[in-house]
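Secondary and tertiary structure notes
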Amino acid sequence: MAAPLLSCWESWGLPSLHESLTVMAYAKFSGAPLTVNTINNSWRAPKGDMPVLVSEDTVISQPAKILNFLRKQKYNADYELSAKQGADTLAYIALLEEKLLPALLHTFWIEAENYCSVTKPWFASRIAFPLSLYVPGKMSREALNRILLTKGGPPLYSLTEVEAQIYRDAKECLNLLSKRLGTSQFFFGDTPTTLDAFVFGFLAPIYKVCFPRVQLQEHLKQLPNLCRFCDDILTCYFRLTVSDGR
Amino acid sequence: AEPWPENAALYQQLKDEQILLSDNASSLAVQAFLQMCNLPVRVICRANAEYMSPSGKVPFIHVGNQVVSELGPIVQFVKAKGHSLSDGLDEVQKAEMKAYMELVNNMLLTAELYLQWCDDVTVEEITHPRYGSPYPWPLNRILSYQKQWEVRRKMKAIGWAGKTLEQVLEDVDQCCHALSQRLGTQPYFFNKPTELDALVFGHLFTILTTQLITDELSEKVKNYSNLTAFCRRIEQQYFGGQEKESPTTAAPPAKKKSLLR
């Protein structure tokens, strides 16, 4: 089989963004050959559905589905896990999605200073004109919509109250991950697995992107084991030197 | 620990003709949690429970002069009063417990909401008649559609709107598989009962005992014998005394009949 082609965003001194990063990390961990195609000046991304994997005649989006596809191709990073560890993986991914994702979306797409000075110009420069005028705003509205619909509602009436709550949740989630990781190199010992790919996908953007408003980054930097975890993966698997990138 | 008032009450919708799968599961989870803490509450059924709740969600408890809704906040509230089930766990176990609780919320609860508000047959046959039951026409229809619209918007925002029923059932199976593997042969998820056990019991027991259009959902749970045994054990231990049949009267016989068309 020819190496599947992964289309994704390239960004900020990171190999890619949140979800694409999860897929790329998993591919590195499992040894799956991927040809990575970074999006530049694209007409193809009006839905912002990245990453997309194309293998022969199948097209797959969403990280969970791509990972399943790679597993079926015998690129499995979880061979050595026990059944219980497999269950833990699913549970921690749910924790990330429920508790960390809303704050991550907020930092990128809703916090006005971050959005105007970093996220919007960056995305606009990767998308062909005139889509570049429209797509970033659409992605921002979708993020806001998701946060309000899932985390809003009584008794949190104003956006400020919802924000306070999602950042509280996110910081608690980071603390839980830090406690769970402890002093070991990866979440299940010495070799990286699916869970490590997901955690890395969520943490690396928080850790590396230089935003004007950095609530989460400040909190993450107080948890040395999680920072070490990100640095290790970036240096060992992506051959990046550890420096703050924009 | 502060004393627990004798007149503490838990509010939910009417058991026989109104309450839906997801609300019943959440209510049962809170009841199980309070039973495990040995804090008695009287269960009060009100047709307008949803509108009485401070968060718009059931169940909620009324203790002294305070009103608290949903399992998470109730666990916090009870903890502030000096009762906790998870104090004995170490930090890693606490992280694990929270992760599994999010798994149940993220997959089982969302699947229940999907089934009752996005599966067209279930919506027509069960959800609309039950949800609107306390109100006269046309209010019953209006309120049902309003709620349906709200839930569907949420499903769309989290990317569940495009899923088929088969995919949702597949997710439920994956979640049950994980819970079953984690539980193994132990009586509880950790050495002693915690809020995770209450939450899992609330959802699985409700799924097992509620008659829907088809048995597909309960069949998924029944494939895991340790999970069904877990439900039976908690039912007997914490709800056995009150009534012979089951926890709260919200459970099998009455409910089955009422949901059978």
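Residues numbered from 1 in each chain as written. Chains lettered and ligands numbered in written order. Predicted model: local features only at pLDDT ≥ 70, side-chain atom pairs only at ≥ 80, totals over all residues. Heavy atoms only, no water.

Residues and elements named next belong to chain A. A full pass over the atoms with the stated rule returns five cavities of 30 Å³ or more. The space that makes up the second largest cavity amounts to roughly 70 Å³. Elements that contribute at least two residues to the lining of the second largest cavity include exactly helix H3 (83-110), helix H7 (194-208) and helix H8 (215-221). Within the lining of the second largest cavity, the residues separate by chemical class into eight nonpolar, three polar and one charged. (1 Å grid on protein atoms, 1.4 Å probe; cavity = no way out; pocket = protein on both sides within 12 Å on 5 of 7 lines; lining within 4 Å. Points joined across faces, edges and corners; volume = space filled by probe spheres on them. Helix = DSSP H or I, 4+ residues; strand = E, 2+ residues; numbered from the N terminus. Nonpolar A, V, L, I, M, F, W, Y, C, P; charged D, E, K, R; others polar.)

Many structure descriptions define interface size as the accessible area lost when the parts assemble. Of the residues lining the interface, 21 residues belong to chain B; the matching set on chain A comes to 22 residues. Both sides together, the interface formed by chain B and chain A hides about 2,100 Å², and carbon and sulfur atoms give 65% of it. Our enumeration of links across chain B and chain A arrives at four salt bridges. Here A:Lys179 ties to B:Glu91 by a salt bridge, and the two come within 3.7 Å at their closest N and O atoms. At the surface where chain B touches chain A, the tally comes to six residue pairs in polar contact (both at pLDDT 80 or more). Elements with a minimum of two residues in the side of chain B that touches chain A: helix H4 (91-118), helix H6 (139-157) and helix H7 (165-183) of chain B. With 10 residues, H4(B) is the single largest residue contributor to the side of chain B that touches chain A. The class makeup of the residues in the side of chain B that touches chain A is nine nonpolar, five polar and seven charged. (Contact = heavy atoms within 4.5 Å. Buried area = accessible area lost by both parts, 1.4 Å probe. Salt bridge = Lys/Arg side-chain N within 4 Å of Asp/Glu carboxyl O. Polar contact = N/O pair within 3.5 Å; in protein donor to acceptor, adjacent residues only side chain to side chain.)

Per the UniProt annotation, the sites labelled "domain: Metaxin glutathione S-transferase" (unreviewed entry) are residues 170-233 of chain A. Segment residues 170-233 of chain A splits into 69% helix and 0% strand. End C-alpha atoms: 22 Å apart. (UniProt positions renumbered as here; feature names shortened; annotations may be inferred.)

A complete count under the given rule lists 17 salt bridges over all chains for this structure. Among the salt bridges present, the one from B:Glu96 reaches A:Lys84, with a minimum N-O distance of 3.5 Å. Residue B:Glu96 is located in helix H4, and its partner A:Lys84 is located in helix H3; the two belong to separate chains. Looking at A:Lys84, the relative accessible area reads 32%, which means it is partly exposed. Across the pair A:Glu98 and A:Lys151 runs a salt bridge, and its minimum N-O distance is 3.8 Å. Taken together, the residues span a long stretch of sequence, with A:Glu98 in helix H3 and A:Lys151 in helix H5 (residues 131-151) at a distance of 53 residues. Each of the salt bridges in this network shares a partner with another, and the network as a whole consists of A:Lys84, A:Asp88, B:Glu96 and B:Arg182. (Buried < 20%, exposed > 50% of the residue type's maximum accessible area, 1.4 Å probe, protein only.)

Residue and element names in this part refer to chain A. Here Asp169 is to be found in helix H6 (residues 159-181). Classification of Asp169 by relative accessible area gives buried; the value is 10%. For Asp169 and Ala103, which are 66 residues apart along the polypeptide, the C-alpha to C-alpha distance reads 8.2 Å.

Summed over the entire model, instances satisfying the criterion amount to zero disulfides over all chains. Left unpaired, A:Cys230 is separated from the closest cysteine sulfur, that of A:Cys227, by 6.7 Å. On the basis of relative accessible area, A:Cys230 is assigned to the buried category, the value being 0%. Distance from the sulfur of B:Cys175, which forms no disulfide, to the nearest cysteine sulfur (B:Cys176) is 5.6 Å. Judged by its relative accessible area of 0%, B:Cys175 is buried. (Disulfide = S-S within 2.5 Å.)

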